Amino acid sequence: MDVFGATIFGEMSELAASTDSINLGQGFPDEEGPAELLAAAQAAIAAGRGNQYPPSRGVGELRRAIASHQRDFYGLDVDPDDGVLVTVGATEAIAAAVLGLTQPGDGMLTFEPYYDSYAACAVLAGAHRAVVTLRPQDGRWTFDPDELRAAVTSRTRLVLLNSPHNPTGKVFTAPELRLIAELAVEHDLTVVTDEVYEHLVFDGEHIPISTLPGMAGRTVTISSAGKTFSVTGWKVGWASGPAELIRRIAGVKQFLTYVGSGPFQYAVADGLATVGEHAARLTAQLRAKRDLLVTGLAASGFEVLSPQATYFATVDLGHGAEAWCRALPATAGVAGIPTRVFYDSHVDRYVRLAFCKRADVIEEAVRRLSGTVAPAARAGLGAPS
Ligand SMILES: Cc1ncc(COP(=O)(O)O)c(C=O)c1O
């Protein structure tokens, strides 16, 4: 697999643009984030806050806001000086963590389907990637505990977890997290957990693995303002955790970007102070949009896996998802992502559709898709395989 080749997101977005399709491929909102947050960024620029290189670990206001957030929401004790690192989006935090916490040849364990940067970061670090497959069971994605146990070997150093999970929309349950934590303690593993969708949860409860027994000292938690505040272009992310792990990640980060997003850091610090109210509003809106997409597609005969969190729903076509997605912009005027690209194993049945779009856009997408028939439903009629 060429992890540095053209991304499916770019390909599908180009197809969407050239066919004037509704793009449910890329996961970014088509509505602006909170007006106060946008105003705070403008005010910071006007006041000359952050226009020059900010401190390498991030501005104090934001580091303190992140530490307070971790304490207020999850009861975690994070040191704003030594235990927090502000990064250029969660993307940089993930890259710096994988590079800083593994040596070439070390094993890195993750769950497939996975966010695509995980595979690329493992390659950059020279780490050996092992995957445990998530599969739907009674409408919920889960994994086989024995597969997870078997995937941990003597070379495994790092577990890269993502909950809430992209692309499935799964929220890892307490028993699942307990098993991962037990294995981490038993095998002395470090866990890096990507929680960028922590505030976009509709069903179930997001439990940071860092809160489990034995985990605070071995877990780096990553999050970002992009999804929480609908400002994906600002690229303000962060990692928090034990001072020694954060020091190693910061050591890599200084040679990736050194610093970034100066004025936006101040705005995000302000936003985090009232994130609870904002997240409650956003979640209610997204839940309604999820239901619009999921029930609309189900009524048209699609098999849909409704997500517990994030802003992605999965359509199960049974087979031929990549070919279907490539044809879809031209035939139906809608673009989606075949999640095959997020697997190491060959799984070509799922399509990811983003619902962080205006309600009228989702309605129109459902209308267009209802004119198509899923491959599974038309077996024998020349469906792509
Ligand atoms: C699971 C996951 N992690 C990380 C990111 C990247 O976050 P950021 O935009 O803050 O770099 C995304 C963005 O889609 C994501 O889905």
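Not measured: the values here are computed from a predicted model.

1. Notes on the overall build of the protein
Part 1 of the reasoning: Along the protein, the regular secondary structure elements total 13 helices and 15 strands.
Part 2 of the reasoning: Over its C-alpha trace the protein gives a radius of gyration of 20 Å, about what one expects of a compact globule, namely 21 Å for 385 residues.
Part 3 of the reasoning: Across its three principal axes, the protein shows a C-alpha extent of roughly 60 × 55 × 35 Å.
Part 4 of the reasoning: Excluding contacts between residues fewer than 6 apart, the proportion of contacts in the protein whose partners are at least 24 apart in sequence is 76%.
Part 5 of the reasoning: When the accessible area of the protein is evaluated, it comes to approximately 15400 Å², of which 51% is carbon and sulfur surface.
Part 6 of the reasoning: Of the side chains in the protein, 32 bear a positive and 43 a negative charge, and the two mean positions are spaced by 1 Å.

2. Topic: the side chain of H199
Part 1 of the reasoning: As for its position among the elements, H199 is in the loop between β8 (190–194) and β9 (219–224).
Part 2 of the reasoning: On the basis of relative accessibility, which here comes to 9%, the residue H199 falls in the buried class.
Part 3 of the reasoning: One polar contact links H199 to H69, side chain to side chain, over a distance of 2.8 Å.
Part 4 of the reasoning: Not counting residues up to four positions away in its chain, the partners in contact with H199 are H69, F73, T228, V275, A279 and T283.

3. Points about the pattern of salt bridges
Part 1 of the reasoning: Applying the stated criterion across every chain yields a total of 22 salt bridges.
Part 2 of the reasoning: The salt bridge involving R218 is made with D188; its shortest N-O contact spans 3.1 Å. One end of the pair, R218, is in the loop between β8 and β9; the other, D188, is in the loop between α7 (174–186) and β8, with 30 residues separating them in the sequence.
Part 3 of the reasoning: Classification of R218 by relative accessible area gives buried; the value is 16%.
Part 4 of the reasoning: For D188, a relative accessible area of 58% puts it in the exposed group.
Part 5 of the reasoning: Because the salt bridges share partners, they merge into one network encompassing E11, E322, R326, R340 and D348.

4. Observations regarding the sheet that holds β8
Part 1 of the reasoning: Strand order in the open sheet made by the seven strands is β2-β10-β9-β8-β7-β3-β4, with mixed pairing throughout. Only two strands of the sheet have a single neighbouring strand rather than two, namely β2 (84–88) and β4 (128–133). Neighbouring strand axes in the sheet, compared pairwise and without regard to direction, differ in orientation by 20° on average.
Part 2 of the reasoning: With five bridges connecting them, strand β7 (residues 156–162) and β8 associate as parallel partners. Paired with L161 across the strands is T193, a residue of β8.
Part 3 of the reasoning: With respect to the sheet, helix α3 (residues 60–74) is in contact with β2, β9 and β10 (236–240), its orientation differing from that of β2 by roughly 115°.

5. Regarding the site of the ligand
Part 1 of the reasoning: Not every one of the 13 residues close to the ligand is listed here, only the nearest: T91, D194, Y197, S224 and K235.
Part 2 of the reasoning: Within the side chain of S224, one N or O atom sits 2.6 Å away from an oxygen atom of the ligand.
Part 3 of the reasoning: Contact distances for the ligand include 2.7 Å between an oxygen atom and a side-chain N or O atom of K227.
Part 4 of the reasoning: Starting from 390 Å² of accessible surface for the ligand in isolation, the protein chains cover 92%.
Part 5 of the reasoning: Put simply, the ligand lies in the largest pocket.
Part 6 of the reasoning: The biggest single contributor to the shell around the ligand is helix α4 (residues 89–101), with four residues.
Part 7 of the reasoning: Residues that form the shell around the ligand fall into these classes: five nonpolar, five polar and three charged.

6. Regarding the confidence of the model for the protein
Part 1 of the reasoning: Averaged over all residues, the pLDDT of the protein equals 95, while 97% of them reach at least 70.
Part 2 of the reasoning: Mean pLDDT across the elements of the protein ranges from a minimum in helix α1 (residues 8–18), with 91, to a maximum in β8, with 99.
Part 3 of the reasoning: Here residues 377–385 scores under 50 on pLDDT; set against residues more than four positions off or in separate chains, the count is eleven contacts.

7. Here's the deal with the layout of surface pockets
Part 1 of the reasoning: Volume-wise, the largest pocket comes out at about 470 Å³.
Part 2 of the reasoning: G27, T91, Y115, K227 and K235 are, among the 21 residues lining the largest pocket, the residues nearest its centre.
Part 3 of the reasoning: Within the residue set of the lining of the largest pocket, elements represented by two or more residues are α4 and α8 (225–228).
Part 4 of the reasoning: If one sorts the elements of the lining of the largest pocket by residue count, α4 sits on top with four residues.
Part 5 of the reasoning: The class makeup of the residues in the lining of the largest pocket is eight nonpolar, nine polar and four charged.

8. What about the nonpolar core?
Part 1 of the reasoning: In this structure, V220, I222, L293 and L297 are the most contacted members of the largest nonpolar core, which totals 67 residues.
Part 2 of the reasoning: Among the elements that take part in this core, α4 stands out by supplying eight residues, more than any other.
Part 3 of the reasoning: The residues contacting L297, other than those within four sequence positions of it, are F302, V304, V315, L353, V366 and L369.
Part 4 of the reasoning: Grouped together as the second largest cluster of nonpolar side chains are 28 residues, V152, L179, L189 and Y350 included.

About the criteria used
Residues numbered from 1 in each chain as written. Predicted model: local features only at pLDDT ≥ 70, side-chain atom pairs only at ≥ 80, totals over all residues. Heavy atoms only, no water. Helix = DSSP H or I, 4+ residues; strand = E, 2+ residues; numbered from the N terminus. Rg over C-alpha atoms; globule rule 2.2 N^0.38 Å. Contact = heavy atoms within 4.5 Å. Areas by Shrake-Rupley, 256 points an atom, 1.4 Å probe, with all protein chains shown as cover. Lys, Arg positive; Asp, Glu negative; His and termini not counted. Charge placed at Lys NZ, Arg CZ, Asp CG, Glu CD. Buried < 20%, exposed > 50% of the residue type's maximum accessible area, 1.4 Å probe, protein only. Polar contact = N/O pair within 3.5 Å; in protein donor to acceptor, adjacent residues only side chain to side chain. Salt bridge = Lys/Arg side-chain N within 4 Å of Asp/Glu carboxyl O. Pairing = 2+ DSSP bridges. Axes fitted to C-alpha atoms, helices over the stretch in contact; angles between N-to-C directions. Near = heavy atom within 4 Å. 1 Å grid on protein atoms, 1.4 Å probe; cavity = no way out; pocket = protein on both sides within 12 Å on 5 of 7 lines; lining within 4 Å. Sits in = over half its atoms within 2 Å of the grid points. Nonpolar A, V, L, I, M, F, W, Y, C, P; charged D, E, K, R; others polar. pLDDT = per-residue confidence, 0-100. Points joined across faces, edges and corners; volume = space filled by probe spheres on them. Core = buried A, V, L, I, M, F, W, Y, C linked by side-chain atoms within 4.5 Å.

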